[in-house]
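# Structural description and commentary
Read off the chains here:
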Amino acid sequence: MTTLPTLLLTSVTTTTTTTTTTGPSGGAIVGMILLAIVGWIIGGLPVAGIFEKAGEPSWQGFVPFWNTIVLLKIAGKPWWWFLLMVVPVVGIVLQILLYHQVSLSFGHGAGFTVGLVLVPLIFLYALWLDSSTYRGPAAGRPVAPAV
């Protein structure tokens with residue numbers, strides 16, 4: 001027979017648990033924020049340049065959502081198209097039509113629109129940096145070909 005103190009000593013065990021977190025570290029979060037800022041600048045720069053060519057303040061190119069409304073204005077489309085652009089299939093169609101109207105507003109044709117649709121970043125830079133000039137909203141009227 002075991003005595004009571006011996007029984008208590010043998011039945012007590014110590015358990016140590018180590019917890020590790022698997023979330024992102026502080027450095028990864030800072031890196032993601034810096035990457036987002038660089039992407040925002042790379043994407044906003046050509047839009048700001050296009051706005052400047054069209055006579056709009058260039059800072060508007062860096063404001064999310066507002067830059068789409070200003071692009072609609074440049075293309076001669078009503079502001080409420082922006083509301084329709086959040087509808088999944090309608091938004092894609094309206095974005096293509098918007099790119100086409102912007103293309104026409106700067107004297108380019110359907111080929112340039114295809115480029116804007118397929119590789120928008122490259123063609124937005126091309127639109128900003130090429131020698132084309134803003135000819136006014138192309139909505140409802142033909143634009144003379146570039147000379």
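Residues numbered from 1 in each chain as written. Predicted model: local features only at pLDDT ≥ 70, side-chain atom pairs only at ≥ 80, totals over all residues. Heavy atoms only, no water.

### Here's the deal with the overall build of the protein chain
For the record, the criterion: Only runs of H or I of at least four residues qualify as helices and only runs of E of at least two qualify as strands under DSSP, and these elements are numbered from the N terminus. Between buried and exposed lies partly exposed: a residue is buried under 20% and exposed over 50% of the maximum accessible area for its type, with that area taken using a 1.4 Å probe on protein chains only. Should any heavy atoms of two residues lie within 4.5 Å, those residues are counted as being in contact. Using the Shrake-Rupley algorithm and a 1.4 Å probe, accessible areas are obtained, with residue cover drawn only from the displayed protein chains.
A count of helical and extended segments in the protein chain gives seven helices and zero strands. The 147 residues of the protein chain split such that 27% are buried. Partitioning the intrachain contacts of the protein chain with sequence separation of at least 6 by distance along the chain shows that 46% fall at a separation of at least 24. With the model as given, the accessible surface of the protein chain reaches about 9700 Å², and the carbon-plus-sulfur share is 74%.

### Focus: the nonpolar core
Applicable threshold: We define a nonpolar core as any set of buried Ala, Val, Leu, Ile, Met, Phe, Trp, Tyr and Cys residues linked to one another through side-chain atoms lying within 4.5 Å.
If you look at the biggest cluster of nonpolar residues, it comprises 21 residues, and the most contacted ones within it are Phe51, Ile74, Leu98, Val102, Phe106 and Leu127. Secondary-structure elements contributing two or more residues to this core are helix H2 (26–53), helix H3 (66–75), helix H4 (81–84), helix H5 (88–105), helix H6 (110–118) and helix H7 (120–129). Element by element, the count of residues in this core is highest for H3, at five residues. If we skip the residues at most four places from it in the chain, Phe51 touches Glu56, Pro57, Ser58, Gln60, Gly61, Asn67, Val70, Leu71 and Ile74.

### As for the side chain of Glu56
Stated precisely, the cut-off is as follows: Side-chain atoms alone can form a polar contact between residues adjacent in sequence; in general such a contact is a pair of N or O atoms within 3.5 Å, and within protein one must be able to donate a hydrogen while the other accepts it.
Topologically, Glu56 is positioned in the loop between H2 and H3. Its relative accessible area of 16% is what places Glu56 among the buried residues. Side chain to side chain, Glu56 and Gln60 meet in a polar contact 3.4 Å long. Separated by 2.9 Å, the side chains of Glu56 and Lys73 make a polar contact. Those residues in contact with Glu56, other than ones at most four positions away along the chain, are Phe51, Val70, Lys73 and Ile74.

### Considerations on unusual backbone geometry
With phi around 70 degrees, Phe65 is a residue other than glycine that occupies positive phi space. With respect to the helices and strands, Phe65 occurs in the loop between H2 and H3. Exposure remark for Phe65: the relative accessible area of 59% places this residue in the exposed category.

### Brief notes about H6
Going by this rule: As used here, the arc is the angular range of directions from the helix axis to the C-beta atoms.
Among all positions of H6, only Phe112, Thr113, Gly115 and Leu116 are buried. Buried residues of H6, seen end-on, are gathered within an arc of 160 degrees and therefore sit on one face of the element. For H6, the exposed residues set more than 90 degrees away from the buried face come down to Gly111 and Leu118. Where H6 is buried, its residues meet H5 and H7.

### Describing the packing of aromatic side chains
For clarity, the cut-off: The criterion for an aromatic pair is that two Phe, Tyr or Trp rings (for Trp, the six-membered ring) have centres within 6.5 Å, with stacked assigned to planes under 30 degrees apart, edge-to-face to planes over 60 apart and tilted to the rest.
Taken as a whole and assessed by the stated rule, the structure comprises five aromatic pairs. An angle of 75 degrees between the planes, with centres 6.2 Å apart, marks the rings of Phe65 and Phe82 as edge-to-face. With Phe65 in the loop between H2 and H3 and Phe82 in helix H4, this residue pair connects regions lying 17 residues apart in the sequence.

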